[in-house]
Each structure stands twice: as structure tokens, then as C-alpha cells.
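Coordinate inspection notes
Given next are the chains, with one letter for each unit.
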Amino acid sequence: MPATKRAPSLLLTAAAIKKMRVTRRVHVLNKRAVRLGKSLGDAVGMTDMGIHLVHVPPGAESTEYHTHYCDEEFVYILSGRGVAEIGGRKVKVGAGDFMGFPKKAPPHGMYNPYKEDLVYLMGGTRKAIDISEYPRSRERAYKFDGKRHFVKFKDVQER
């Protein structure tokens, strides 16, 4: 009999989540953007949506300030505090706060200037094609076929 691949469990208990491997991610355009995370969605076999439990250490940023043209995302803060920047406006955020970013939302990002980890649940769609813009680094990323391709604004041509 051929071996069959075991389907992932559809339930992740708190104990199972605690045992999961932590992945450290540093954003390619921002070395200060350091996230420590566990991919809950991947662990239960989700493919159309990513769901991640994220820790942002003191002094770190969550990502490079950005927006998406096709994907949508959300952040629900579980513990700690941070400063979110949405469309150039900075606002303090903390446990119980929710941020939702539909496609084409204003650019956004978050940083943790405090002494404790900022912990949140982050999720979003995983469209086959997406365009992300990073206004501070003046770059655009085109995602297709599972890879991101970066282009400087100055090199984008309209015809």
C-alpha cells in the first residue's frame, strides 16, 4: 500500500501553538522590521488566507510601510503596545485594537517603541497576483507565481 500524506489537524490547541517553531522574518526593504511568528493558517492547511501569530520585539518595526493593490490584511493586537502609522497618521495601539486594510488602503506599518513585545494576530488574503507599494523606499513589488519582483518607481514605465 502506498503511504498517504496525513492531513493537518484542523484544531490547534494552545499547547500545540506553544510548541510550534518560531520563524524570524526580516523585511527585505527594512532591516529594522523584525517579526517573530508562527503560521497558524499554514499549520491547518489554509492556502487562500494566511493567519499568523506575531511578536514584534522592543525597538523593532512590523514591516516596511506599504500598501497592497490586491491582497487584504488585518491585525488584532493581543498584548503589548505599539504605534501604527496609517496614511501618514501615527496612533498608539494596544491590546484589543483591530486594524483592517482592504485592498488599496492607505500605506501602513507599525513599530514597537516600548519595553515589552507587541503581540498580534495577523491575517490576509493570498491572491495569486498582488502589487505592493513601498512609498518610503520608492519601490513596487509585483507578486506572481509565488515570488516577489521589486522595481524602483523611477524604472516603472507607462505606455
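Anything mentioned here points back to the structure above.
We now turn to the structure provided with this report. (Residues numbered from 1 in each chain as written. Predicted model: local features only at pLDDT ≥ 70, side-chain atom pairs only at ≥ 80, totals over all residues. Heavy atoms only, no water.)

1. Regarding the pattern of salt bridges
Here the idea is simple: oppositely charged side chains can pair when their charged atoms come close. Inspection of the entire model under this criterion finds eight salt bridges. Residue R140 is joined to E133 by a salt bridge in which the shortest nitrogen-to-oxygen separation is 2.5 Å. Both residues of the pair, R140 and E133, count as buried. (Salt bridge = Lys/Arg side-chain N within 4 Å of Asp/Glu carboxyl O. Buried < 20%, exposed > 50% of the residue type's maximum accessible area, 1.4 Å probe, protein only.)

2. Structural notes on the sheet that holds strand β9 (residues 108-111)
Reading across from one edge, β7-β6-β9 is the order of the three strands in this open sheet, with antiparallel pairing throughout. Only two strands of the sheet have a single neighbouring strand rather than two, namely β7 (89-94) and β9. Strand-to-strand twist across the sheet, computed as the mean angle between neighbouring axes with direction ignored, equals 25°. (Pairing = 2+ DSSP bridges. Helix = DSSP H or I, 4+ residues; strand = E, 2+ residues; numbered from the N terminus. Axes fitted to C-alpha atoms, helices over the stretch in contact; angles between N-to-C directions.)

3. Brief notes about the layout of surface pockets
In this model, the largest pocket occupies a volume close to 1,100 Å³. As for the largest pocket, its lining consists of 43 residues, of which R25, R35, H52, M122 and R148 are closest to the centre. In terms of residues, the lining of the largest pocket owes the most to one element, strand β2 (residues 30-39), which gives six residues. Residue classes in the lining of the largest pocket are distributed as 16 nonpolar, 15 polar and twelve charged. Of the volumes computed, that of the second largest pocket is approximately 160 Å³. If you go around the second largest pocket, the residues you meet are N30, R32, E61, T63, E64, Y65, E85, K90, G109, M110, Y111 and R136. Put simply, the parts of the chain that give the lining of the second largest pocket at least two residues each are β2 and β9. Considering each element in turn, the lining of the second largest pocket owes the most residues, three residues, to β9. Its residues placed into classes, the lining of the second largest pocket shows three nonpolar, three polar and six charged. (1 Å grid on protein atoms, 1.4 Å probe; cavity = no way out; pocket = protein on both sides within 12 Å on 5 of 7 lines; lining within 4 Å. Points joined across faces, edges and corners; volume = space filled by probe spheres on them. Nonpolar A, V, L, I, M, F, W, Y, C, P; charged D, E, K, R; others polar.)

4. Focus: the sheet that holds strand β3 (residues 49-56)
Sheet architecture is open: six strands sit in the order β1-β2-β3-β10-β5-β8, paired in antiparallel fashion. The open sheet is flanked by β1 (23-27) and β8 (98-101), the only strands paired with a single partner. The sheet shows a mean angle of 30° between the axes of neighbouring strands, taken without regard to direction. Here eight bridges tie β3 to strand β10 (residues 118-125), and the two strands are oriented antiparallel to one another.

5. Points about a nonpolar patch on the surface
Residues Y76, L78 and F98 make up a contiguous nonpolar surface patch of roughly 300 Å² in combined accessible area. If you trace the backbone, L78 turns up in strand β5 (residues 73-79). (Patch = residues over 30% accessible without salt bridge, like charges linked within 9 Å, V, L, I, M, F, W, Y side chains within 5 Å. Areas by Shrake-Rupley, 256 points an atom, 1.4 Å probe, with all protein chains shown as cover.)

6. Remarks on the pairing of β7
Pairing of strand β6 (residues 81-86) with β7, which is carried by six bridges, proceeds in the antiparallel orientation. Bridging across to β7, G82 finds its partner in V93. Adjacent in sequence and paired antiparallel, β6 and β7 are bridged by two residues, among which G87 carries a positive phi angle near 60°.

7. Describing the nonpolar core
Counting residues in hydrophobic clusters, the biggest one holds 15 residues, and the most contacted among them are V75, I77, M99, M110 and Y120. Looking at this core, the elements that each hand over two or more residues are β3, β5, β8 and β10. If you look at the next biggest cluster of nonpolar residues, it comprises six residues, including I17, L40, L53 and V119. (Core = buried A, V, L, I, M, F, W, Y, C linked by side-chain atoms within 4.5 Å.)

8. A few points about unusual backbone geometry
One non-glycine residue, K104, lies in positive phi territory at about 65°. Residue placement: K104 occurs in the loop between β8 and β9. Of note in the backbone geometry, R138 takes a positive phi value of approximately 55° without being a glycine. Considering the arrangement of structural elements, one finds R138 in the loop between β11 (130-134) and β12 (139-144).

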